[in-house]
Amino acid sequence: YTVTYDQLQQAQVLYRDVNDSKKPVNLDQDNNLTGVAGQTITDPNVDTKIANLINKGYVLKNNGFPSDAAYDNDGSKVQTFYIDFVHGNQPVNPQTPGTPGKPINPNDPKGPKYPAGTDPKSLTKTITRTIHYTGAGDKTPKDIQQPVTFTQSGVLDKVTGQWITPLKWSATSQDVASEKTPFINGYHV
């Protein structure tokens, strides 16, 4: 009789938040796998875990768990595979406003929410210069209104909900068109 002993090998898949590459955070504690040397390493939850993290605002940076990974013959160490993520960014501006109190990530209702001041009305401000004429009775020209609109923009961290770049009003100077004062016979400016 031949008796063959197959020692179970160990592997783990680490899902890391590498926004701070010096201190990556393991995002999942349930990641230990066992199998026989030479056998393909399978983890049926990998795709679901990746999708769940993307729904929470993470962006997949590197999937270091190849589909053809196999258990090795070294029982003294745990094979480790890394799936790395970074935090996604959410621009906030008049084209991509938020709704204060609503989730930044629509598929993560319990996740971070848009803060106050991210709604469309808060992101734009219109200032109007008015030219007003007086003194010519019923010949007095009507007021001229010249609106100028300023906008603000910033960037939120989709994972933490914190500002990466706080909201800031556009610093672009805006000119209003010059207006020629109308000539009214018998009157002068």
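What you see is a predicted model, and the numbers here were worked out from it, not measured in a lab.

**Notes on the overall build of the chain**
Move 1: Within the chain, the regular secondary structure consists of 2 helices and 9 strands.
Move 2: Counting from the amino terminus, the chain carries its helices and strands in the arrangement β-β-β-α-β-β-β-α-β-β-β.
Move 3: Its C-alpha atoms give the chain a radius of gyration of 31 Å, more than 25% over the compact-globule value 16 Å for 189 residues.
Move 4: Its C-alpha atoms put the chain at 125 × 25 × 25 Å along the principal axes.
Move 5: Here the chain holds 189 residues, and 29% of them are scored as buried.
Move 6: Long-range pairs, those at least 24 residues apart, make up 60% of the contacts in the chain between residues at least 6 apart in sequence.
Move 7: When the 18 basic and 18 acidic side-chain charges of the chain are each reduced to a single mean position, those positions are 13 Å apart.

**Structural notes on the pattern of salt bridges**
Move 1: Using the criterion set out here, one finds 4 salt bridges in the structure.
Move 2: Residue Asp84 is joined to Arg16 by a salt bridge in which the shortest nitrogen-to-oxygen separation is 2.8 Å. Of the two residues, Asp84 sits in strand E5 (residues 79-87) while Arg16 sits in strand E1 (residues 8-17), which places them 68 residues apart along the sequence.
Move 3: When the shortest N-O distance is used, the salt bridge between Lys49 and Asp28 registers 2.9 Å. With Lys49 in helix H1 (residues 46-55) and Asp28 in the loop between strand E2 (25-26) and strand E3 (32-36), the pair connects residues that are 21 residues apart, well separated along the chain. There is no split in this pair, since Lys49 and Asp28 are both buried.

**Some words on the side chain of Gln146**
Move 1: By the secondary structure assignment, Gln146 is in strand E8 (residues 144-157).
Move 2: Separated by 2.6 Å, the side chains of Gln146 and Arg129 make a polar contact.
Move 3: A distance of 2.7 Å separates a polar side-chain atom of Gln146 from the backbone oxygen of Ala177.
Move 4: Beyond its immediate stretch of four places on either side in the chain, Gln146 contacts Ile127, Thr128, Arg129, Ile131, Val176, Ala177 and Glu179.

**A short note on the confidence of the model for the chain**
Move 1: Looking at the chain, pLDDT values average 92 and 97% of them are 70 or higher.
Move 2: Confidence, read as mean pLDDT per element, is least for E2 in the chain (89) and greatest for strand E6 (residues 89-92) (98).

**Considering the environment of Thr99**
Move 1: For Thr99, the location among the structural elements is in the loop between E6 and helix H2 (120-123).
Move 2: Distance from Thr99 to Asp175, taken between C-alpha atoms, is 31 Å for residues 76 residues apart in sequence.
Move 3: The residues contacting Thr99, other than those within four sequence positions of it, are Tyr114 and Thr118.

**Focus: the pairing of E6**
Move 1: Residues Gln90 and Val92 of E6 are buried on one face, while the alternating residues Asn89 and Pro91, pointing to the opposite face, are not.
Move 2: The sheet contact formed by E6 and E8 spans 4 bridges and is antiparallel. Looking at E8, one finds that Val92 is bridged to Gly154.

**Examining the nonpolar core**
Move 1: Tyr15, Ile41, Phe65, Ile83 and Phe85 are the most contacted members of the largest nonpolar core, which has 16 residues in total.
Move 2: Those elements that place two or more of their residues in this core are E1, H1 and E5.
Move 3: Not counting chain neighbours up to four residues away, the residues in contact with Tyr15 comprise Val25, Asn26, Leu27, Asp28, Asp43, Val46, Lys49, Ile50, Leu53, Ile83 and Phe85.
Move 4: Counting residues in hydrophobic clusters, the runner-up holds 5 residues, among them Ile104, Tyr114, Leu123 and Leu156.

So, how was this worked out
- Residues numbered from 1 in each chain as written.
- Predicted model: local features only at pLDDT ≥ 70, side-chain atom pairs only at ≥ 80, totals over all residues.
- Heavy atoms only, no water.
- Helix = DSSP H or I, 4+ residues; strand = E, 2+ residues; numbered from the N terminus.
- Rg over C-alpha atoms; globule rule 2.2 N^0.38 Å.
- Buried < 20%, exposed > 50% of the residue type's maximum accessible area, 1.4 Å probe, protein only.
- Contact = heavy atoms within 4.5 Å.
- Lys, Arg positive; Asp, Glu negative; His and termini not counted.
- Charge placed at Lys NZ, Arg CZ, Asp CG, Glu CD.
- Salt bridge = Lys/Arg side-chain N within 4 Å of Asp/Glu carboxyl O.
- Polar contact = N/O pair within 3.5 Å; in protein donor to acceptor, adjacent residues only side chain to side chain.
- pLDDT = per-residue confidence, 0-100.
- Pairing = 2+ DSSP bridges.
- Core = buried A, V, L, I, M, F, W, Y, C linked by side-chain atoms within 4.5 Å.

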